[in-house]
Amino acid sequence: MMNLLFIALGLLLLILGGNWLLKAAVGFSLRLLIPKIVIGMTVVSFATSAPELIVSIKSALDGHADIALGNVIGSNIANLGLVLAITILISTISVEKSFYKTDWPVMMVASAMLYGFIAFDGVLVRYEGIILFSMLLVFLVYLLKFQKTAVVDELPEDDEELPLYKNVMFLIIGGIALWGGSELLIDGAVGMAEKFNVSERVIGITIVSVGTSIPELAASVIAILKKEKAISLGNLIGSNVFNILAVLGLTSIITPVEVTDNGLLSSDIYWMLGFSLLIFPLVFAPVRMKLSWKEGLILLALYLGFIYKMII
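Rules behind the numbers
- Residues numbered from 1 in each chain as written.
- Predicted model: local features only at pLDDT ≥ 70, side-chain atom pairs only at ≥ 80, totals over all residues.
- Heavy atoms only, no water.
- Helix = DSSP H or I, 4+ residues; strand = E, 2+ residues; numbered from the N terminus.
- Buried < 20%, exposed > 50% of the residue type's maximum accessible area, 1.4 Å probe, protein only.
- Contact = heavy atoms within 4.5 Å.
- Areas by Shrake-Rupley, 256 points an atom, 1.4 Å probe, with all protein chains shown as cover.
- Axes fitted to C-alpha atoms, helices over the stretch in contact; angles between N-to-C directions.
- Parallel < 35°, antiparallel > 145°, perpendicular 65-115°, else oblique.
- Left-handed = near helix turned anticlockwise from the far one by under 90°.
- Nonpolar A, V, L, I, M, F, W, Y, C, P; charged D, E, K, R; others polar.
- Phe/Tyr/Trp six-rings, centres within 6.5 Å; stacked < 30°, edge-to-face > 60°.
- Lys NZ or Arg CZ within 6 Å of the ring centre and 35° of its normal.
- Expected span 1.5 Å × (residues − 1).
- Bend = angle between axes of the 7 residues up to and from the residue.
- Arc of directions from axis to C-beta.

> Explain the overall build of the protein chain to me, please; I cannot follow it from the model alone.
Scanning the protein chain for helices and strands turns up 11 helices and 4 strands. Every one of the 312 residues in the protein chain was classed for burial, and the buried ones make up 57%. Partitioning the contacts of the protein chain with sequence separation of at least 6, the portion at a separation of at least 24 is 86%. Accessible surface, the protein chain as shown: approximately 13,300 Å² in total, 69% of it carbon and sulfur.

> When you look at the environment of Val106 in this model, what are you seeing that I'm missing?
Within the secondary structure layout, Val106 lies in helix 5 (residues 98-118). Accessibility expressed as a relative area gives 15% for Val106, which makes it buried. Sequence separation between Val106 and Leu136 is 30 residues, and the spatial gap between their C-alpha atoms is 9.4 Å. Apart from residues lying up to four places away in sequence, Val106 is in contact with Met135, Phe139 and Val241.

> Looking at this structure, I do not really get the packing of helix 5 against helix 10 (residues 263-284). What am I missing?
Any two packed helices are characterised by the angle at which their axes cross and by the distance between the axes. Interhelical geometry of helix 5 versus helix 10 gives an angle of 165 degrees and a closest axis separation of 11 Å. Between helix 5 and helix 10, the angle falls in the class roughly antiparallel. Note on packing geometry: the crossing formed by helix 5 with helix 10 is left-handed. For the pair helix 5 and helix 10, contact is made by Phe99, Tyr100, Trp104, Met107, Met108, Ser111, Ala112, Leu114, Tyr115 and Ile118 and by Leu265, Ile269, Tyr270, Met272, Leu273, Ser276, Leu277, Ile279, Phe280, Val283 and Phe284, respectively. Taken together, the residues of the contact of helix 5 with helix 10 sort by class into 19 nonpolar, 2 polar and no charged.

> Before we go on, may I ask you to explain the environment of Glu183 in this structure?
Turning to its location among the elements, Glu183 is positioned in helix 7 (residues 164-195). Among the residues examined, Glu183 registers a relative accessible area of 21% and is labelled partly exposed. For the pair Glu183 and Pro51, spaced 132 residues apart in sequence, the C-alpha separation works out to 7.6 Å.

> Where do I start with unusual backbone geometry in this structure?
Most peptide bonds take the trans configuration, and most residues that are not glycine carry a negative phi. A cis geometry characterises the amide bond from Ala285 onward to Pro286, with omega recorded as 0 degrees. With respect to the secondary-structure elements, Pro286 resides in the loop between helix 10 and strand 4 (290-291). Its identity is not glycine, yet Met289 carries a phi of approximately 60 degrees, on the positive side. With respect to the helices and strands, Met289 occurs in the loop between helix 10 and strand 4.

> Just to check I follow, could you spell out the packing of aromatic side chains for this structure?
Each aromatic ring pair is characterised by the separation of its centres together with the angle its planes make. This structure, assessed with the given rule, holds 9 aromatic pairs. Ring centres of Trp104 and Phe280 lie 4.5 Å apart, and the angle between their planes is 40 degrees; on these two criteria the pair is classed as tilted. Of the two residues, Trp104 is situated in helix 5 and Phe280 in helix 10; the sequence distance between them amounts to 176 residues. With a centroid separation of 6.5 Å and an interplanar angle of 65 degrees, the aromatic rings of Tyr115 and Phe120 are classed as edge-to-face. Among the residues examined, Tyr115 registers a relative accessible area of 24% and is labelled partly exposed. Look at Phe120 and you get exposed, because its relative accessible area is 72%. Among the aromatic side chains, those forming a connected cluster through ring pairs are Phe99, Tyr100, Trp104, Phe280 and Phe284. When the ring centre of Phe170 is taken as origin, the NZ or CZ atom of Lys23, which lies over that ring, is 5.6 Å away.

> Which parts of the structure should I look at to understand helix 5?
Turn by turn, an α-helix covers 3.6 residues, leaving residues three or four places apart pointing in a common direction. In a regular helix each residue adds 1.5 Å, so 21 residues correspond to 30 Å; helix 5 covers 29 Å between its end C-alpha atoms and thus fits that length. Largest kink in helix 5: about 30 degrees, centred on Trp104, with the proline Pro105 one to four residues after it.

> So what exactly am I meant to see when it comes to the packing of helix 3 (residues 50-61) against helix 8 (residues 200-225) here?
Running from amino to carboxyl end, helix 3 crosses helix 8 at an angle of 150 degrees, the nearest separation of the two axes being 8 Å. In terms of their interaxial angle, helix 3 and helix 8 are classed as roughly antiparallel. When helix 3 is examined against helix 8, the residues Pro51, Glu52 and Val55 are found in contact with a partner set consisting of Val208, Thr212, Ser213, Pro215 and Glu216.

> In this structure, what is going on with helix 11 (residues 293-311)? I would like to understand it.
For helix 11, with 19 residues, the first-to-last C-alpha span of 26 Å sits near the 27 Å given by 1.5 Å per residue. For helix 11, the set of buried residues is Glu295, Gly296, Leu299, Tyr303, Phe306, Ile307 and Met310. End-on view of helix 11: buried residues confined to an arc of 105 degrees, all on one side of the axis. Every exposed residue of helix 11 that faces more than 90 degrees away from the buried side is listed here: Leu304, Tyr308 and Ile311.

This is how it looks when you write it as structure tokens:
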């Protein structure tokens, strides 16, 4: 019962935190005259990736590297196969040109770098973490310097510029709620999973990764309902980039991340690369630069197939 209570409270905090974080993101985009997709790929992505960062660092320091790595790989799969699928099942997304010019290529480069770093020796060491995190800093500088004027942004009529203290307040309490909610959700989920004697890799790839992807789901669904679609798409692509470059980058700088369950290298990372690659053709077919419920069904079916394969 205690584990179920933790899960329920965690979900509630994550939903509230996603809403507060979105208020802050929209507020800052209005105040700074920055396109919302840029805010989505920086402020929102970093805050919603905070649970992955906390979980991965703590797991690696405690000697549970499979949870740390499985958490990131599983979260990236869940972001595209579950969160994006649910988002476009709710409402069709019009994809910005920045998707194929910047966002998707950076996500693929980051994914390929991660594969190259761990596929052969099974460990992510400090200098590799420094390379990953340095790439993130370069990407953010490019994003803020060049993409600000490259994205056409349409503000809904009900947007209003909030006082600065309110923007900061929503950002802080949203971040705290996301962190606290994720902690409760993960504690409850892992507690239940351990009773069924499930491996750390499976816990990391399924329960923990889905738990830490709840902020992305909450923020994206709320963004869609409020017609903030630029934030929704930017948030998901940005979160995958942040998960690899920031979460695994910082984690491996602090302590080496060594794979002990070969399933991460022989199966899971290929699923992550597959989902990342699949997004590109789905954006162009059957309708160019749009993602609708049809693509959502494809992604969701593949994700359920992945989960089924993990469980059996």
